[in-house]
Amino acid sequence: SQQGEEDPQALSIQEGENATMNCSYKTSINNLQWYRQNSGRGLVHLILIRSNEREKHSGRLRVTLDTSKKSSSLLITASRAADTASYFCATDVYYNTDKLIFGTGTRLQVFP
Amino acid sequence: GAVVSQHPSRVICKSGTSVKIECRSLDFQATTMFWYRQFPKKSLMLMATSNEGSKATYEQGVEKDKFLINHASLTLSTLTVTSAHPEDSSFYICSARDLGGRGYTFGSGTRLTVV
């Protein structure tokens, strides 16, 4: 079953703009991860944030986690056309550490 | 880094036939592998968790007899779609959990088309 809901479902922006995607989940988690998927391809792991962390950075990516609200956000700064892809949050759920459940995803389109 | 090889990348089969998809961890041992299914423009739905040497654990609503999973070694898990029908057409992705704690590594996926 899906754990997370993401919004927006789709996002279109111009190069150079920032893109923000939000993820909400339902149960306690060990960590939350963000993945990227180009059309028809496999997944690329972007960043992992643990349940005791509130913010994490990696290059142009910034992830926040609010466990009280059961939500996370992914910010991509200074977007590029090459960032066009689908982005998914995935939760490593607390009651079963061997299971990664994905959110519904956000399709990002960055126009040159 | 950790690499998972999934094969084939694309397969077309006739209705009623069976198709096997392989997922191999190339440079690490994975006691646990996961199989996901993805419909066009949708998210990944976990189908089952495959543990080496034991029976797979299927998610609710996934037919065990339809989607046979075998995890015979620490580096190989297979998903067999039996008696395939057009509604089984989908993108199937495997993932392996690294014992070393490096997290989940995903295969590149298999596009199955049943005609």
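So, how was this worked out
Residues numbered from 1 in each chain as written. Chains lettered and ligands numbered in written order. Predicted model: local features only at pLDDT ≥ 70, side-chain atom pairs only at ≥ 80, totals over all residues. Heavy atoms only, no water. Helix = DSSP H or I, 4+ residues; strand = E, 2+ residues; numbered from the N terminus. Buried < 20%, exposed > 50% of the residue type's maximum accessible area, 1.4 Å probe, protein only. Contact = heavy atoms within 4.5 Å. Pairing = 2+ DSSP bridges. Axes fitted to C-alpha atoms, helices over the stretch in contact; angles between N-to-C directions. Buried area = accessible area lost by both parts, 1.4 Å probe. Salt bridge = Lys/Arg side-chain N within 4 Å of Asp/Glu carboxyl O. Polar contact = N/O pair within 3.5 Å; in protein donor to acceptor, adjacent residues only side chain to side chain. Nonpolar A, V, L, I, M, F, W, Y, C, P; charged D, E, K, R; others polar. Disulfide = S-S within 2.5 Å.

Engineer: Would you explain the overall build of chain B in this entry?
Structural biologist: Along its length, chain B carries 0 helices and 11 strands. Put simply, chain B runs from its N terminus to its C terminus through helices and strands in the order β-β-β-β-β-β-β-β-β-β-β. Each principal axis of the C-alpha distribution contributes one length, and for chain B these read about 40 × 25 × 20 Å. Split into buried and exposed, the 115 residues of chain B put 51% on the buried side. In chain B, the share of contacts with a sequence separation of at least 24, taken over all contacts with a separation of at least 6, comes to 55%.

Engineer: For this particular structure, what's the right way to read the sheet that holds strand β8 (residues 76-81) of chain B?
Structural biologist: Hydrogen bonding along the main chain pairs the strands of a sheet, whether they run parallel or antiparallel. Residue and element names in this part refer to chain B. Read from one edge to the other, the open sheet built from 4 strands follows the order β1-β3-β8-β7, with strand pairing classed as antiparallel. Of all the strands in the sheet, the pair left with one neighbour each is β1 (4-7) and β7 (67-73). Going across the sheet, the axis of each strand differs from the next one's by a mean of 15°, ignoring polarity. Across 5 bridges, the pairing between β7 and β8 is antiparallel. Considered in β8, the bridge of Ile69 is made with Leu79.

Engineer: How should the interface of chain A and chain B be read in this particular structure?
Structural biologist: Interface size is commonly expressed as the accessible surface area that is lost when the partners come together. Counting residues at the interface gives 20 residues for chain A and 20 residues for chain B. Buried surface at the junction of chain A and chain B, summed over both partners, amounts to about 1500 Å²; 53% is from carbon and sulfur atoms. With a closest N to O distance of 3.9 Å, Arg97 of chain B and Asp92 of chain A form a salt bridge. At the junction of chain A with chain B, the criterion picks out 5 residue pairs in polar contact (both at pLDDT 80 or more). Every element with two or more residues in the side of chain A that touches chain B is listed here: β4 (29-37), β9 (85-93) and β10 (100-102) of chain A. Taken together, the residues of the side of chain A that touches chain B sort by class into 6 nonpolar, 9 polar and 5 charged.

Engineer: Where do I start with the side chain of Thr78 of chain B in this structure?
Structural biologist: With respect to the helices and strands, Thr78 of chain B occurs in strand β8. Each residue touching Thr78 of chain B, except ones within four places of it in the same chain, is listed here: Lys20, Ile21, Glu22, Trp35, Leu68, Ile69 and Asn70 of chain B.

Engineer: I tried to follow the state of the cysteines on my own but got confused; where do I start?
Structural biologist: Here a disulfide denotes one covalent bond, and it connects the sulfur atoms of two cysteines. Following the criterion strictly, the structure yields 2 disulfides over all chains and no others. Two residues share a disulfide in this structure: Cys23 of chain A and Cys89 of chain A, whose sulfurs sit 2.0 Å from each other. For the disulfide bridge between Cys23 of chain A and Cys89 of chain A, the dihedral angle about the S-S bond is near 70°, and by the sign convention the bridge is right-handed. Placement of the pair is Cys23 of chain A in strand β3 (residues 19-24) and Cys89 of chain A in strand β9, with a sequence separation of 66 residues. Like Cys23 of chain A, the residue Cys89 of chain A is buried in the burial classification. Two residues share a disulfide in this structure: Cys23 of chain B and Cys94 of chain B, whose sulfurs sit 2.0 Å from each other. Since a negative S-S torsion denotes a left-handed disulfide, the Cys23 of chain B-Cys94 of chain B link at about 80° is right-handed. Of this pair, Cys23 of chain B sits in strand β3 (residues 19-25) while Cys94 of chain B sits in strand β9 (residues 90-97); the two residues are 71 residues apart in sequence, bridging distant segments of the chain. Look at Cys94 of chain B and you get buried, because its relative accessible area is 0%. The thiol of Cys13 of chain B is not disulfide-bonded; the next cysteine sulfur, from Cys94 of chain B, is found 18 Å away. Note on Cys13 of chain B: relative accessible area 8%, which makes it buried.

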